Amino acid sequence: MSPPVIGIVGAGGSVGGAALDGLHTSPHWTLRAGYRSQSARKDDAADIDWRHVNADDAASLARFCDGCAVVLNAAGPSCRIGDRVARAADAAGADYVDAFGGAMLVRQLAARPLSLERRVIHSAGVYPGLSGVLPRWLAGQGFDRVHALRGWAGGRERCTPAAAADVLLSTLDGFGQAGVAWIDGRRVTDALPPRDEVELVGFPGRVHVQPFFSQEMEQLARELGLRDAHWSNVMPSGRTTETIAHWCGRLSARTDDSTLKHAISDLVETARQDVAGQAPYYRLVLEMDGERAGRPRYVRAVLNAPDSYRVSGTVAASAVSCLLDTPPAPGIHSADSVLAWEPLLDHLRRWGAVDSFSLVELPVNDAAVEAVIEEGTL
């Protein structure tokens, strides 16, 4: 019996390339790598079947997906691709993984369902994706009840044009909202302001912190029964936040190709200026407090990685592995509902996506917890 074929659309990009590298370590499947431009193609492995594919062309997608057992979409921008790759995979009889996807993809697939036997895993990236998998695992680490979650994610790294487009378009699509937090069991707008020159455990130097609450975080807060949940994006400076806000304001009035092209270019350049001459990094820091045996408990998890693209690609590759090795029931699943943290962490380590991961128990006192909530210092 021939090994299953995994097709990766966008294999020449940063996320798709990381997924390809990870999946290439296993002899249990055959890899078909899709590229759009010749410059993105990589010919460093003779056993990888490189093929041209255009995600905007239905016939090209159909040819690429034909014969695949699983198709992974790592191309962007996700908001522009929508459900096109998913439908091409379905028509070819393949299960599907989307490194982003999110609520928009779910709405599209609900409006026009795929085949009943099809399995889909969406939001299989770093955010959303890992940002939901790790807190769910953390809540199960010795807590009888959990009360609050605080998360800080980001760092200093380049921004690819596809990533810039996804950030801008997903913000317009309502992926999340700045300044929002979950307080006393409900969503509160304008709850937290951005902060400059903040010192955070796990992040080198002083950073800019932008509170941001996504649909994924609200669902997580409801599922875990959290009293409070705060999430913040972390950047070297406030320039990126200002650039996103400026262009989202213009794009909300006029989302034409010319305006989007200028917005993408500006966001990529802003990130380049923040990275120039300094070592890139990505961090995810989570703090959770709750109860164990009637006593308060407070823990911190820190994920240290060279960049978010390789982490995101590894999460997507892990979702592909899940579909082939331990497939969920047919239907549409978010990555954080089907991926377990322990095997995902094993993939992150073995595939070179993280430098370290730590979980520490912290002393609990109300004053320290309040300082974290009010001042953003750890």
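Our structure is the block above this text.
Quick look at the structure, then. (Residues numbered from 1 in each chain as written. Predicted model: local features only at pLDDT ≥ 70, side-chain atom pairs only at ≥ 80, totals over all residues. Heavy atoms only, no water.)

## Here we look at the overall build of the chain
So, step 1. Looking only at helices and strands, the chain features 14 helices and 17 strands.
So, step 2. Considered along the principal axes of its C-alpha atoms, the chain spans approximately 60 × 50 × 40 Å.
So, step 3. Every one of the 378 residues in the chain was classed for burial, and the buried ones make up 55%.
So, step 4. Summarising the internal contacts of the chain: among those between residues at least 6 apart in sequence, 74% fall at separations of at least 24.
So, step 5. For the chain, the computed accessible surface area is about 16200 Å², with 50% contributed by carbon and sulfur atoms. (Helix = DSSP H or I, 4+ residues; strand = E, 2+ residues; numbered from the N terminus. Buried < 20%, exposed > 50% of the residue type's maximum accessible area, 1.4 Å probe, protein only. Contact = heavy atoms within 4.5 Å. Areas by Shrake-Rupley, 256 points an atom, 1.4 Å probe, with all protein chains shown as cover.)

## A word on helix H7 (residues 161-172)
So, step 1. An ideal rise of 1.5 Å per residue puts 16 Å on 12 residues; H7 measures up with 17 Å between its terminal C-alpha atoms.
So, step 2. Turning to H7, its buried residues are Ala164, Ala165, Asp166, Leu168, Leu169 and Ser170.
So, step 3. As for H7, its buried residues are in contact with helix H3 (78-81), helix H9 (239-253) and helix H10 (257-275). (Expected span 1.5 Å × (residues − 1).)

## Side note on the nonpolar core
So, step 1. Ranked by internal contacts, the top residues of the largest apolar core, which has 88 residues, are Val97, Leu130, Leu168, Leu284 and Trp341.
So, step 2. In contact with Leu130, other than residues within four places in its own chain, are Gly125, Pro135, Leu284, Leu303, Val311, Val315, Trp341 and Leu344.
So, step 3. Residues Cys65, Val85, Ala94 and Leu114 belong to the second largest nonpolar core, which totals 20 residues. (Core = buried A, V, L, I, M, F, W, Y, C linked by side-chain atoms within 4.5 Å.)

## Section: the pairing of strand E13 (residues 228-235)
So, step 1. Burial analysis of E13 places seven of its eight residues in the buried class, the great majority of the element.
So, step 2. Bridging between strand E7 (residues 145-156) and E13 involves seven bridges; their strand directions are parallel. Each residue of the ladder has a partner; that of Gly151, found in E13, is Trp231.
So, step 3. Pairing of strand E12 (residues 206-214) with E13, which is carried by four bridges, proceeds in the antiparallel orientation. Counterpart to His208 in the pairing with E13 is Met235. (Pairing = 2+ DSSP bridges.)

## Description of the pattern of salt bridges
So, step 1. This model, assessed by the stated rule, comprises 23 salt bridges.
So, step 2. When salt bridges with common partners are traced through the structure, they connect Arg150, Glu287, Asp289 and Arg300 into a single cluster. (Salt bridge = Lys/Arg side-chain N within 4 Å of Asp/Glu carboxyl O.)

## Looking at the layout of surface pockets
So, step 1. Of the pockets and cavities examined, the second largest pocket occupies roughly 360 Å³.
So, step 2. Lining of the second largest pocket is provided by 21 residues; of these, Gly102, Ala103, His122, Ser123 and Gln215 occupy positions nearest its centre.
So, step 3. Taken together, the elements giving at least two residues each to the lining of the second largest pocket come down to helix H5 (102-111), helix H8 (215-224), strand E16 (331-334) and helix H12 (335-338).
So, step 4. When the residues that make up the lining of the second largest pocket are grouped by side-chain class, the tally is six nonpolar, 11 polar and four charged. (1 Å grid on protein atoms, 1.4 Å probe; cavity = no way out; pocket = protein on both sides within 12 Å on 5 of 7 lines; lining within 4 Å. Points joined across faces, edges and corners; volume = space filled by probe spheres on them. Nonpolar A, V, L, I, M, F, W, Y, C, P; charged D, E, K, R; others polar.)

## A look at the packing of helix H6 (residues 130-139) against H8
So, step 1. At their nearest, the axes of H6 and H8 sit 10 Å apart, and the two run at 15° to each other. Here H6 lies roughly parallel to H8, going by the angle between them. Viewed along their axes, H6 and H8 form a crossing whose handedness is right-handed. From H6, Ser131, Gly132, Pro135, Arg136 and Ala139 reach across to H8, where they touch Glu216, Met217, Leu220, Glu223 and Leu224.
So, step 2. Of the residues belonging to the contact of H6 with H8, the class tally is five nonpolar, two polar and three charged. (Axes fitted to C-alpha atoms, helices over the stretch in contact; angles between N-to-C directions. Parallel < 35°, antiparallel > 145°, perpendicular 65-115°, else oblique. Left-handed = near helix turned anticlockwise from the far one by under 90°.)

## Some words on the packing of aromatic side chains
So, step 1. Applying the stated rule across the entire model yields nine aromatic pairs.
So, step 2. Plain terms: the ring middles of Phe100 and Phe175 are 5.8 Å apart, the flat faces sit at 55° to each other, and that makes the pair tilted. In this pair, Phe100 is assigned in the loop between strand E5 (95-98) and H5 and Phe175 in the loop between H7 and strand E8 (176-178), connecting sequence segments 75 residues apart.
So, step 3. For Phe100, a relative accessible area of 17% puts it in the buried group.
So, step 4. Ring centres of Tyr127 and Trp231 lie 5.4 Å apart, and the angle between their planes is 20°; this geometry places the pair in the stacked category. Here Tyr127 is found in the loop between strand E6 (119-122) and H6, whereas its partner Trp231 is found in strand E13, with 104 residues between them in sequence. Residues Tyr127 and Trp231 agree in their burial class; the two are buried.
So, step 5. Put simply, the rings of Phe100, Tyr127, Phe175, Phe212 and Trp231 touch in pairs and so form one group of aromatic residues.
So, step 6. The ring centre of Phe143 lies 4.8 Å from the NZ or CZ of Arg297, which sits over that ring. (Phe/Tyr/Trp six-rings, centres within 6.5 Å; stacked < 30°, edge-to-face > 60°. Lys NZ or Arg CZ within 6 Å of the ring centre and 35° of its normal.)

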